[in-house]
Amino acid sequence: PRLPLVAPSVLAADFGRAAGDAADALAAGGDLLHVDVMDGHFVPNLSMGGGMIAGLRKHLPDAFLDVHLMVERPHDYVGAFAEAGANSFSFHAEVCRPHRVHGVDAGDLIASIRDAGMTPGMVINPPTPVSWVAPYLDGLGLVLVMSVFPGAGGQSFMPEVLTKCRELRTRLRPTTRLQIDGGIGPGTASAARDAGVDLLVAGSAVFGAADRAATIAGIRGA
Ligand code: DX5
Ligand code: ZN
């Protein structure tokens, strides 16, 4: 693919016309759609689930749906989200053993995501070290470094996470995407790209822009 990729985040779309808004962001140059699932436990908010994934898939048959699960029990959704049409399935390292008592086994979950036909991804929050994903890097199609505390769109980019991006880029295979999420817009994307990020999520910057094509081009660095 042409790198870096830009993923408009459906969380910032108009939920009453989500597929139309998402289609508009793809027509404006977005490469794939980022879909934020929140369970009200891992983060305080609720957002969307399998119904929204299925609805986006129905109306956008060719879109790549990149699903980011901010949930305590990601393993409960592998089958349902694959069935709904998710292409990638990314879960947080913080809900895995040994960091969470009774947490999920990350290796088992990665295998089940692949068996279901999706690309596995792991996510780390701003304070979480690279060591929490390091044992799994060879099995992952993407690693997502959060550049805000997850749970809401429209927050300010945290540049200190770029240290982790630089380290991850040296450790990842060239075919594994390094993704960043939170506070990305034309003004913050260049530092992320310079740190080796090749998949940039942007919610409020894209959907709030008067000119979405120019905004996406600015994030891409084109
Ligand atoms: C935050 C979500 C993000 C969100 C980013 O918890 O994971 O994907 O949509 O929104 P912006 O780009 O507005 O920071
Ligand atoms: Zn996200």
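Predicted, not measured: the structure shown is a model, and the values here were computed from it.

Please explain the overall build of the protein as it appears in this structure.
The number of helices and strands found in the protein is eight helices and eight strands. Taken against the 2.2 N^0.38 rule, which gives 17 Å for 222 residues, the C-alpha radius of gyration of the protein at 16 Å falls within 12% of a compact globule. Its C-alpha atoms put the protein at 45 × 35 × 30 Å along the principal axes. Taken over 222 residues, the protein has a buried fraction of 45%. Pairs at least 24 residues apart make up 64% of the contacts formed inside the protein by residues separated by at least 6 positions.

It is not clear to me how unusual backbone geometry should be interpreted in this structure. Could you clarify?
Geometrically, the link from L3 to P4 is a cis peptide bond, its omega value of -5° lying close to zero. Inspection of the secondary structure assignment puts P4 in the segment before strand 1 (5–8). Each neighbour pair has its own omega, and for R97 with P98 the value is 0°, a cis peptide bond. The residue P98 is located in the loop between strand 4 (88–92) and helix 4 (106–115) in this model. One non-glycine residue, H102, adopts positive backbone phi at about 60°. The residue H102 is located in the loop between strand 4 and helix 4 in this model. Residue classification places H102 among the exposed residues on the basis of 8 C-beta atoms within 10 Å.

Sorry if this is basic, but what is going on with the UniProt feature "binding site: a divalent metal cation" (unreviewed entry) in the protein here?
Under the feature "binding site: a divalent metal cation" (unreviewed entry), the UniProt entry names H34, D36, H68 and D181. Across 148 residues, the annotated set stays spatially compact, with a maximum C-alpha separation of 10.5 Å. Positionally, H68 belongs in strand 3 (residues 65–70). Once residues within four sequence positions are removed from consideration, H68 is found in contact with H34, V35, D36, V37, S90, V123, L144 and D181. Turning to its location among the elements, D181 is positioned in strand 7 (residues 177–181). The contact partners of D181, leaving out residues within four places of it in the chain, are H68, L144, M146, S147 and V201.

Would you mind showing me how to read the UniProt feature "binding site: substrate" (unreviewed entry) in the protein here?
Here the UniProt-annotated "binding site: substrate" (unreviewed entry) positions come out as S9, H68, G151, A152, G153, G154, D181, G182, G183, G203 and S204. Within the secondary structure, G151 is located in the loop between strand 6 (142–146) and helix 5 (162–171). Residues in contact with G151, not counting those within four places in the same chain, are M38, V43, P44, N45 and M70. Inspection of the secondary structure puts G203 in the loop between strand 8 (199–202) and helix 7 (204–207). Those residues within four positions of G203 in sequence are excluded, and the remaining contacts are S9, L11, A12 and G153.

Rules of the game
- Residues numbered from 1 in each chain as written.
- Chains lettered and ligands numbered in written order.
- Predicted model: local features only at pLDDT ≥ 70, side-chain atom pairs only at ≥ 80, totals over all residues.
- Helix = DSSP H or I, 4+ residues; strand = E, 2+ residues; numbered from the N terminus.
- Rg over C-alpha atoms; globule rule 2.2 N^0.38 Å.
- Buried ≥ 20, exposed ≤ 12 C-beta atoms within 10 Å, placed from the backbone.
- Contact = placed C-beta atoms within 7 Å.
- UniProt positions renumbered as here; feature names shortened; annotations may be inferred.

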